[in-house]
Each structure stands twice: as C-alpha cells, then as structure tokens.
Amino acid sequence: MKKIAIISTIVLGLGTTACDSYLDINQDPNSPAESNMTTSIMLPAAEMNLAGSYGDFMRITGGYYAQHYAQTFGTSNYLDYSQFKMSATRSSGTYTQLNSRVLKNLETIRSLAKEKEEWGSYLAATTLRAFTYQALVDCYGEVPYSEAFNVSNTSPKYDDGADIYAGILAELNEALEKAQAADQVATNFLFPGETAGSWIQFANALKLKIMMREIDVKSDVAAELGKLIAEDNFPKEDVAYADCWGSEAGSMSPFYAEEFSSAWGSTQINVVANIAIIGTMLQKDANGDVTYEDPRLPAFFEKNGSGEYTGSISGSNFSTSDSYKSTYWCRPVASHDMPVYLITRSEIEFFIAEYYARQNNAAQAQAHYEAAIEASCETAGVGGADVVIAKFPYEQASYKKCIGISKWIALAGTNNYEAWCEARRLDYPAFGTVTGPQMYDNEKDSSYKPGLYVPGTLYTPIKVEDKLGQNHILERWPYADSSASRNGNSPEFPGYTTPVFWGK
C-alpha cells in the first residue's frame with residue numbers, strides 16, 4: 001500500500017488551506033529540543049495522524065470486511081482483505097502511527113494541559129486518546145495500555161480489551177469533570193475556534209458508543225447509559241475532519257489520496273463496490289426490474305462506465321478478457337475534500353434506539369431508529385428517508401436485525417470501519433445461504449450471477465481465509481508485527497474467529 005502523505009509535516013502539503021503547518025511530526029515532543037512545544041502546536045499534528053490512519057487504512061479494510069467493498073480484477077494487493085485476511089505485517093504501519101504519532105503525542109498534550117490547567121485542551125486530548133484506544137481494541141482485542149509509553153519498559157503488557165475500555169471511560173469521566181463548556185481549547189481541526197462545549201458533546205457520544213459496545217458483557221452499564229441518554233448532550237452535527245483538505249498532492253483527504261489521486265503516480269483501481277451493498281441498496285425482481293432504490297445510493301457509489309450500479313464479489317479476481325473491463329464496477333463516491341467521520345448523528349441515534357429497544361420501549365426505539373435513518377440521509381445530502389424507513393421498518397421483536405442492517409447501510413458512505421465493528425457486535429447483517437463461489441466461479445466472467453444475492457446479508461468470499469471457513473466474519477487482526485515482534489510480553493494470537501471482548 002502506498003503511504004499517504006502524512007510523513008513529515010502536519011500540513012500534508014496544505015499550503016494556506018485550513019489545515020496549516022504547525023509541527024514536524026517526526027520530531028520527538030519529549031526531547032529537550034522540543035521543550036517549547038505547546039498544546040496548540042502539538043494537537044493538530046496528533047489529529048492529522050489519527051485522520052490519516054483511521055480515514056484510510058481502517059476505512060479501506062473495514063469496507064472489505066463489512067462487504068461494502070470488493071477487490072477489482074487485475075490487481076492483487078488488496079485481494080487478501082477481500083478474502084477476509086489480515087497479516088501481522090499489513091497493519092504494522094497503521095499501528096505504529098497510531099501509537100507513536102497519535103497516542104504518544106496526545107499523552108504529552110495531556111501532561112502539558114494538566115500542568116497549565118488548560119482543561120478544555122485536556123479534554124480534547126483525552127477524548128482523542130480514548131477514541132484511538134477504542135479503535136485499536138476493536139481490531140486487535142488487546143494492546144499495551146497501562147504500561148504503554150514507559151521508556152524504561154520496552155515490553156509493556158498487553159491489556160485485556162475490557163480493562164482498556166474501563167480505563168478510557170474513567171479517563172473521559174475525569175476530564176469531563178474538569179472541563180467547562182466555556183473553556184478554551186488549543187488550536188485543533190475538529191472544532192476550530194470553538195470552546196470545550198463541542199468536545200464535551202463529542203466525549204459524551206464516545207462514551208455512548210463505548211458503553212453500547214460493552215452492554216452484552218458488562219452487567220452494570222445500562223443504568224449509566226440511561227443517565228447519559230437522559231442528559232441528551234450529544235453533538236448536533238456529525239463529528240468529522242472536514243473543511244481542512246486541499247486539492248493538491250499531500251493535502252487531500254486520506255481515502256481519496258490513497259485510492260483516487262493520480263498525483264501519487266498510481267493508476268491502480270483497488271476499491272470497488274461489493275454486490276452485498278449494491279444488491280441491498282438497489283433491489284430487483286426476477287425479471288431484473290428495480291423494486292427498490294435507496295436514495296443514498298448515488299451519494300455513496302458512482303455508476304459504472306455504462307451508467308449502471310454493479311458490485312463485485314468478495315475474493316474474486318475477475319479477468320479482463322471478457323466483458324468486465326475496468327469501468328464495469330462501481331466506485332465509492334470520493335473527493336479530495338471528503339470528511340473523515342469520527343462519529344455521525346446517525347450512529348448516535350442508532351445507539352440510542354438500541355438502548356431503548358433493550359429496555360422494551362418500542363415507541364422510543366422506533367422514534368430514534370427513524371431519526372437515525374433521517375440523519376443518514378441528511379449526511380448524504382438527499383431526501384427520501386421515508387422511502388428507506390418503509391423498506392426497512394422498525395420491528396421491536398427483531399431490533400438487532402433492523403438496527404444492524406440499517407446501520408450497515410448508513411455507514412457504507414461514512415465509516416466502513418465502524419460498520420465492520422457493529423456487524424461483529426450485532427451479528428447483522430447475517431450470512432445468507434448463497435456463497436461467493438456460487439455467484440462467480442473465478443474462472444470465467446460469464447459465470448457472474450448477482451441475482452443470487454439476497455439483500456441485507458453477508459456471504460462467504462471466494463477463497464476465504466481457510467482459518468475462518470464458511471459463514472464467518474473476520475473477528476480480529478493478528479497483533480501488529482511492529483509491536484509483537486519486539487515485545488516479550490506479546491500474547492499468542494487467539495485466532496481469526498475469536499471475538500474481541502465485546503463480541504463474546
């Protein structure tokens with residue numbers, strides 16, 4: 001994979017755009033030469049490294065594992081993701097960036113802010129730290145936390161995911177107690193020019209997500225969730241890195257720079273639409289006539305070269321000898337200034353809907369479920385939420401299925417990594433009876449049978465990771481080689497089918 005251009009400065013080559021130059025992120029902020037570092041110098045650097053990893057590698061791999069994306073023919077560098085595979089080396093760069101250039105810097109920012117009693121900045125850094133640790137737990141299960149960044153300990157223990165979740169929740173609560181809505185916050189890209197009130201709302205939304213992930217494995221979380229939801233102090237808009245990307249090389253939004261920009265000298269097309277998401281958002285009868293078209297479809301995926309919506313099959317490597325040329329498959333809608341979403345209003349509403357569903361409050365659950373779909377359409381910039389709701393109505397008796405499938409669709413255009421996480425937690429979309437090899441035999445293009453796909457389901461990829469087998473989603477990544485190979489306390493990898501703690 002090409003490295004996106006977050007390699008020497010925070011600016012990503014942005015010139016005079018909103019994400020202006022602040023700090024060479026290859027410098028060690030703890031070194032004596034950097035003793036003049038301030039929170040306003042360091043926070044934007046940590047943010048851009050977070051956006052770079054979360055908005056690129058994690059989005060792409062999450063898209064493959066959630067079956068929003070598939071591998072196009074003629075290239076093979078992403079084929080393993082399409083087959084539900086991940087190696088210890090493939091994620092090493094992302095792991096290193098999130099630890100060395102995000103978490104390490106955020107911890108330094110927290111120390112500086114605490115020393116100077118800059119509680120708004122302290123909350124901002126704590127919230128991003130919690131967000132980053134949660135993302136790492138959700139893919140690896142266990143990572144160094146309690147002993148991390150201790151220079152005298154070169155082999156920190158890998159903490160259990162449940163303990164890390166408890167730790168970051170405690171950190172968020174402590175920071176929220178110190179911060180006031182009117183407190184000033186260091187220069188940042190997430191809420192530029194705003195006081196700590198916006199960060200308080202984001203921290204609350206993050207707490208909501210963390211506790212909803214815990215809800216099946218932690219007995220006392222429901223009461224705390226009820227209090228948080230009753231306070232209703234959540235973001236009123238999507239939380240995303242937006243309005244800070246440029247159109248020149250090195251300044252573009254990470255996913256676009258990786259997959260769509262010719263500025264890096266690559267013309268490879270790796271990410272294309274999966275039949276699963278296309279077949280769910282555009283449903284047809286046996287005659288091929290359209291019976292349902294999701295209004296968000298054109299906001300999420302472009303039509304192919306023939307003006308149609310088509311989806312490839314996970315694990316396939318279609319040849320270029322027959323009719324399926326490079327313009328056959330749909331591509332995700334992307335632009336140089338596309339946001340990197342951390343959490344959307346739609347996700348928040350889906351979590352609240354699930355909370356009420358678990359409380360058997362069907363009326364409130366339905367209201368928030370429908371609000372989630374409306375918010376998703378608003379983010380996509382389209383109307384027609386009523387059409388979506390009519391096609392995917394709320395049913396209390398099968399709330400996990402309703403919420404799981406509708407959230408999976410909504411996240412297809414905003415946050416594919418979170419779609420993979422929620423599919424593992426909710427077990428929806430579930431696997432259907434049709435498999436990838438049944439829809440395409442990987443030998444001749446004429447065997448492509450998209451009509452076999454059942455909307456709202458997953459399917460076993462062609463040549464799926466053999467350690468997974470049939471009807472299994474990839475549950476976790478192997479521990480990153482950049483950490484495990486140098487750490488004597490690295491645990492033995494429990495296997496691709498072993499869920500992280502909240503999925504057990």
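Residues numbered from 1 in each chain as written. Predicted model: local features only at pLDDT ≥ 70, side-chain atom pairs only at ≥ 80, totals over all residues. Heavy atoms only, no water.

1. Re empty space enclosed by the protein
So, point 1. Overall, the coordinates contain 6 cavities of 30 Å³ or more when judged by the stated rule.
So, point 2. The space that makes up the largest cavity amounts to roughly 90 Å³.
So, point 3. Elements supplying a minimum of two residues to the lining of the largest cavity: helix H1 (39-65), helix H8 (254-259), strand S8 (340-343) and helix H15 (416-426).
So, point 4. Tallying contributions element by element places H1 first for the lining of the largest cavity, with 3 residues.
So, point 5. When grouped by side-chain class, the residues that make up the lining of the largest cavity number 8 nonpolar, 5 polar and 1 charged. (1 Å grid on protein atoms, 1.4 Å probe; cavity = no way out; pocket = protein on both sides within 12 Å on 5 of 7 lines; lining within 4 Å. Points joined across faces, edges and corners; volume = space filled by probe spheres on them. Helix = DSSP H or I, 4+ residues; strand = E, 2+ residues; numbered from the N terminus. Nonpolar A, V, L, I, M, F, W, Y, C, P; charged D, E, K, R; others polar.)

2. With respect to the packing of aromatic side chains
So, point 1. What the rule picks out here adds up to 34 aromatic pairs.
So, point 2. Here Tyr64 and Tyr69 contribute two aromatic rings whose centre-to-centre distance is 6.3 Å and whose plane-to-plane angle is 80°, an arrangement assigned as edge-to-face.
So, point 3. Owing to a relative accessible area of 0%, Tyr64 belongs among the buried residues under this scheme.
So, point 4. Given a relative accessible area of 0%, Tyr69 falls into the buried group.
So, point 5. The cationic tip of Arg59 hangs over the ring face of Phe255; the distance from NZ or CZ to the ring centre is 4.7 Å.
So, point 6. Cation over ring: Arg331 sits above Phe260, and NZ or CZ is 4.2 Å from the ring centre. (Phe/Tyr/Trp six-rings, centres within 6.5 Å; stacked < 30°, edge-to-face > 60°. Buried < 20%, exposed > 50% of the residue type's maximum accessible area, 1.4 Å probe, protein only. Lys NZ or Arg CZ within 6 Å of the ring centre and 35° of its normal.)

3. A word on the pattern of salt bridges
Side-chain pairs of opposite charge can arise where the charged atoms are in close proximity.
So, point 1. Here the structure, examined in full by the defined rule, presents 21 salt bridges.
So, point 2. Notably, a salt bridge pairs Glu422 with Arg213, separated by 2.8 Å at the nearest N-O pair. Taken together, the residues span a long stretch of sequence, with Glu422 in helix H15 and Arg213 in helix H6 (residues 196-214) at a distance of 209 residues.
So, point 3. For Glu422, a relative accessible area of 4% puts it in the buried group.
So, point 4. The partner of Arg296 in a salt bridge is Asp294, and the shortest N-O contact between them spans 2.9 Å.
So, point 5. Salt bridges linked by common partners bring Asp138, Lys209, Arg213, Asp216, Glu354, Arg358, Lys400, Lys407, Glu418, Glu422 and Arg425 together as one network. (Salt bridge = Lys/Arg side-chain N within 4 Å of Asp/Glu carboxyl O.)

4. Topic: the layout of surface pockets
So, point 1. Estimated volume of the largest pocket: approximately 740 Å³.
So, point 2. As for the largest pocket, its lining consists of 24 residues, of which Asn99, Ser100, Ala148, Phe149 and Pro156 are closest to the centre.
So, point 3. Looking at which element gives the most residues to the lining of the largest pocket, the answer is helix H3 (residues 92-115), with 7 residues.
So, point 4. Taken together, the residues of the lining of the largest pocket break down into 8 nonpolar, 11 polar and 5 charged.
So, point 5. Here the second largest pocket defines a volume of roughly 590 Å³.
So, point 6. Lining the second largest pocket are 29 residues, and of these Leu190, Glu237, Asp238, Val239 and Ala240 lie nearest its centre.

5. Here's the deal with helix H12 (residues 362-380)
So, point 1. With 19 residues, H12 should reach 27 Å at 1.5 Å per residue; the first-to-last C-alpha distance of 27 Å fits that figure.
So, point 2. The secondary structure elements touched by the buried residues of H12 are helix H10 (297-300), helix H11 (345-358), helix H13 (385-391) and helix H14 (399-411).
So, point 3. Where H12 terminates, the next one or two residues include Gly381, which has phi positive at roughly 75°. (Expected span 1.5 Å × (residues − 1). Contact = heavy atoms within 4.5 Å.)

By themselves, these figures tell us nothing about what the structure is for.
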